Amino acid sequence: LSVQTMKVVLALILCALNVVNGKLMEVRSKHLPSEWTKLSDSVNSEDLLELSFFLKTPVEKAEILEKELMIRSNPKSPLYGKWLSNDEVHELSAPYPESKQIVHEHLSKQNSKNNVVSKTPNGDVVSIVVSIAQAEEMLSAKYNNYQHVSGKIVTRCDSYSLPDDVAEYISFVGPTTHLPKYFRPIISHPKKNNNIEVEVSTNTPDNLRSLYGVNGVMGGNSSENKQAVTAFLSQYYSKSDLTIFWESYFPQGEETSIDLVGDATTGVKAGVESMLDIEYMPSLGAWIPTGFWGFSGSSPNDAQDEPFLTWLTTVSSTPDNEVPLVFSTSYGENEATEVPTNYSSRINVEFTKCGLRGISLLFASGDSGSAGDDGSCTNGQFVPMWPAGSPFVTAVGGTTGSSLPESAWSGSSGGFSNIYPTPDYQQEAVDTFFATAEAAGSLPNTSFYSMTGRGFPDISAQATDYPVYCDGTLLPSIGGTSCASPTSGGIFGLLNDARLASGK
């Protein structure tokens, strides 16, 4: 055999060994998110990971979940607003009966020292704490350290595999190939007039409340109503910053209770994103109990996990009388290059489960226009964002202008999903958009995007010139759809309050 042939044979053997006669579940795209850098230092094999296994939802049950959600969220339906209990939702979405037994048995054999834990009421997500060395053996994977621009370091792998009999029942495992991401708000420098800096803070709580017609409207009229913002990657809450903000801009807000949930709610330094969210949602949705749900990526036993997944499973396991009815999240990434379909489709099941409980999930649409989060297009095509492109969430875009009518903010991400089709509930709006844009001669070349995809954003709100207090400092002009989402979330909270107070 030639040397070249031997190299090929050796490579095939190594590949076969890597998947241990199993199924290659996922391979990370060569495109590394711009906020992350792969570090050259080796991982500590004794460090702990909490591996979460998301079991597949039977196709027929996923279809029933979607059908029920579309009926109960349609204002024209007699079942509109007739939400299901958490127990009912998890009964509808239960995994294959044999899947839990097979997965539990496999994990117990792999690690008899630690218990397999159900993370959701029906056991469709299970986890086990293992060392990195054990995780690498279980998943035929090689873990590396990655550093975020914020300084946060996480441990992830480039690919992983599972035995065929187990892979048959698993959608994905985390933390593995997926790197968490969130939208960073845009911090503008003070504008200048005759070389004198002028602080422009157009969108104070009072101005926003006036613009959107809720001046003087307060919540807190229903004990069932709660709202919350989410925070990941050490984006912390500061009570002192919130107090200064309310004293400066919205004294009435001080009557709003703030509830801290999660493993990472406070720290040495507050985050601009986290303080933006927690300052504006309860200022628009005033007097409605507001949660700050913060997750660091580490579980209480110091095992690394994936914070976005931890948030979702925490929502799933929170009782109906305690769970917020609105969440605002400034989290997103490129749909095509950073989110595998097996991952996003299974997460859509979690989104659907929330919707059937009457929980609204608002996601900022992004701040890169029709391009990806790094400002570029892929293969000459526009880049849709996810989760904003999911049909089961409310995507919030950005506007600008201090009076009505507002105009679109140029940085607001929007477009059409390349994975998920146009849902029936927005078909009429999408058809009208295309007809209007074509008549105006402003429709981009159709080769740049999918005309049959789910359109986003669904709604928009102000996205420029927000004053924010962070670490005792006033940042007078914050921008981005990260501003629009909590603003919209607070108004959703007021709507829920009014409906609940009237017995709806």
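Shown above is the structure to which this text applies.
Reading the values: rules and limits
Residues numbered from 1 in each chain as written. Predicted model: local features only at pLDDT ≥ 70, side-chain atom pairs only at ≥ 80, totals over all residues. Heavy atoms only, no water. Helix = DSSP H or I, 4+ residues; strand = E, 2+ residues; numbered from the N terminus. Rg over C-alpha atoms; globule rule 2.2 N^0.38 Å. Buried < 20%, exposed > 50% of the residue type's maximum accessible area, 1.4 Å probe, protein only. Contact = heavy atoms within 4.5 Å. Areas by Shrake-Rupley, 256 points an atom, 1.4 Å probe, with all protein chains shown as cover. Lys, Arg positive; Asp, Glu negative; His and termini not counted. Charge placed at Lys NZ, Arg CZ, Asp CG, Glu CD. Core = buried A, V, L, I, M, F, W, Y, C linked by side-chain atoms within 4.5 Å. Pairing = 2+ DSSP bridges. Axes fitted to C-alpha atoms, helices over the stretch in contact; angles between N-to-C directions. 1 Å grid on protein atoms, 1.4 Å probe; cavity = no way out; pocket = protein on both sides within 12 Å on 5 of 7 lines; lining within 4 Å. Points joined across faces, edges and corners; volume = space filled by probe spheres on them. Nonpolar A, V, L, I, M, F, W, Y, C, P; charged D, E, K, R; others polar. Patch = residues over 30% accessible without salt bridge, like charges linked within 9 Å, V, L, I, M, F, W, Y side chains within 5 Å. Salt bridge = Lys/Arg side-chain N within 4 Å of Asp/Glu carboxyl O. Expected span 1.5 Å × (residues − 1). Parallel < 35°, antiparallel > 145°, perpendicular 65-115°, else oblique. Left-handed = near helix turned anticlockwise from the far one by under 90°.

Chemist: Hey, could you go over the overall build of the protein for me, with residue numbers and the actual values?
Modeler: In terms of regular secondary structure, the protein is built from 14 helices and 26 strands. Taking 504 residues into account, the globule formula puts the C-alpha radius of gyration at 23 Å, and the protein, at 23 Å, falls close to it. When its C-alpha atoms are laid out on the principal axes, the protein stretches across 75 × 55 × 55 Å. Expressed as a percentage of the 504 residues in the protein, the buried residues total 54%. A sequence separation of at least 24 residues applies to 80% of the contacts in the protein between residues at least 6 apart. A total accessible area of about 21700 Å² is found for the protein, and carbon and sulfur atoms account for 52% of it. For the protein, the separation between the mean place of its 32 positive charges and that of its 56 negative charges on side chains is 3 Å.

Chemist: Before we move on, could you go through the nonpolar core and cite the residues and values that matter?
Modeler: Counting 63 residues, the largest nonpolar core has Leu51, Phe53, Phe308, Trp311, Ile347 and Phe351 as the members making the most contacts within it. Looking at this core, the element that brings in the most residues is helix α12 (residues 341-356), giving 6 residues. Ignoring anything within four residues of it in the chain, the contact list for Phe351 reads Phe308, Leu312, Leu361, Phe363, Trp386, Pro387, Ser390, Phe392 and Val393. Core analysis: the next-biggest nonpolar cluster, separate from the first, contains 36 residues, Trp246, Val272, Ala461 and Ile478 among them.

Chemist: How would you explain the sheet that holds strand β25 (residues 466-470) if you had to name every residue and give the values?
Modeler: With respect to topology, 3 strands assemble into an open sheet ordered β10-β26-β25, the strand pairing being antiparallel. Of all strands in the sheet, those bounded by a partner on one side alone are β10 (186-187) and β25. One ladder, built from 4 bridges, connects β25 with strand β26 (residues 473-479); its direction is antiparallel. In the sheet register, Cys470 faces β26, and the bridge partner there is Thr473. Where helix α8 (residues 239-249) meets the sheet, it contacts β25 and β26, and its direction lies at approximately 140° from that of β25.

Chemist: Requested: an account of the layout of surface pockets, with residues and values cited.
Modeler: Of the pockets and cavities examined, the second largest pocket occupies roughly 620 Å³. Every residue lining the second largest pocket is counted, 28 residues in all, and those nearest its centre are Ala62, Glu66, Ser345, Asn348 and Phe392. Considered class by class, the residues forming the lining of the second largest pocket number 14 nonpolar, 8 polar and 6 charged.

Chemist: Go over a negative patch on the surface with me, naming the residues and quoting the values.
Modeler: Residues Glu60, Glu63, Glu66 and Asp424 make up a contiguous surface patch of negative charge. In terms of residues, the negative patch owes the most to one element, helix α2 (residues 59-72), which gives 3 residues.

Chemist: Please give an account of the pattern of salt bridges that cites residues and values.
Modeler: Here the structure, examined in full by the defined rule, presents 9 salt bridges. Here Arg72 makes a salt bridge to Glu68, at a shortest N to O gap of 2.8 Å. You can see Arg72 and its partner Glu68 sitting in helix α2, 4 residues apart, about one turn around the helix. A relative accessible area of 12% places Arg72 in the buried class. Two residues, Arg454 and Asp458, come together in a salt bridge whose shortest N-O distance is 2.8 Å. Residue class for Arg454 comes out buried when judged on its relative accessible area of 0%. Taken together, the shared-partner salt bridges connect Asp124, Arg346, Glu350 and Lys353 into one network.

Chemist: Explain the environment of Val315 to me, using residue names and the numbers behind them.
Modeler: If you trace the backbone, Val315 turns up in helix α10 (residues 307-316). The buried category is assigned to Val315, whose relative accessible area is 1%. Separated by 31 residues in the primary sequence, Val315 and Arg346 have C-alpha atoms spaced 15 Å apart. Leave out the neighbours within four places in its chain, and Val315 touches Trp293, Val323, Phe327, Cys354, Arg357 and Ile359.

Chemist: How would you explain α12 if you had to name every residue and give the values?
Modeler: Between its first and last C-alpha, α12 extends 22 Å over 16 residues, near the 22 Å set by a 1.5 Å rise per residue. Where α12 terminates, the next one or two residues include Gly358, which has phi positive at roughly 85°.

Chemist: Talk me through the packing of α8 against helix α9 (residues 272-284); I want residue IDs and the actual numbers.
Modeler: Packing of α8 against α9 leaves a shortest axis separation of 10 Å and a crossing angle of 45°. In terms of orientation, α8 and α9 fall into the oblique class. Note that α8 runs across α9; the crossing there is right-handed. Of the residues in α9, those in contact with Asp241, Leu242, Phe245 and Trp246 of α8 are Met275, Ile278, Glu279, Tyr280, Pro282 and Ser283.

Chemist: Could you give an account of helix α14 (residues 481-501), with specific residues and numbers?
Modeler: The end-to-end C-alpha distance of α14, which contains 21 residues, comes to 30 Å, matching closely the 30 Å that a straight helix rising 1.5 Å per residue would cover. Positioned one or two residues after α14, Gly503 has a phi angle of 85°, which is positive.

Chemist: I'd like a description of the pairing of β26, backed by residues and values.
Modeler: When you tally the buried positions in β26, you get 5 out of 7 residues, the bulk of the element. Both β10 and β26 contribute to a ladder of 2 bridges, which runs antiparallel. The residue bridging Ile187 from the neighbouring strand is Ile478, located in β26. Counting the residues between successive antiparallel strands, the hairpin from β25 to β26 contains 2 residues, one of them, Asp471, with a positive phi of roughly 55°.

Chemist: Report on the pairing of strand β13 (residues 227-232), specifying residues and quantitative values.
Modeler: Among the 6 residues that make up β13, 6 are buried, leaving the element largely enclosed by the rest of the structure. Residues Gln227, Val229 and Ala231 of β13 are buried on one face, and the alternating residues Ala228, Thr230 and Phe232, pointing to the opposite face, are buried as well. As judged from the 3 bridges shared by β13 and strand β16 (residues 326-329), these two strands associate in the parallel manner. Pairing of Ala228 across the sheet is with Phe327, part of β16.

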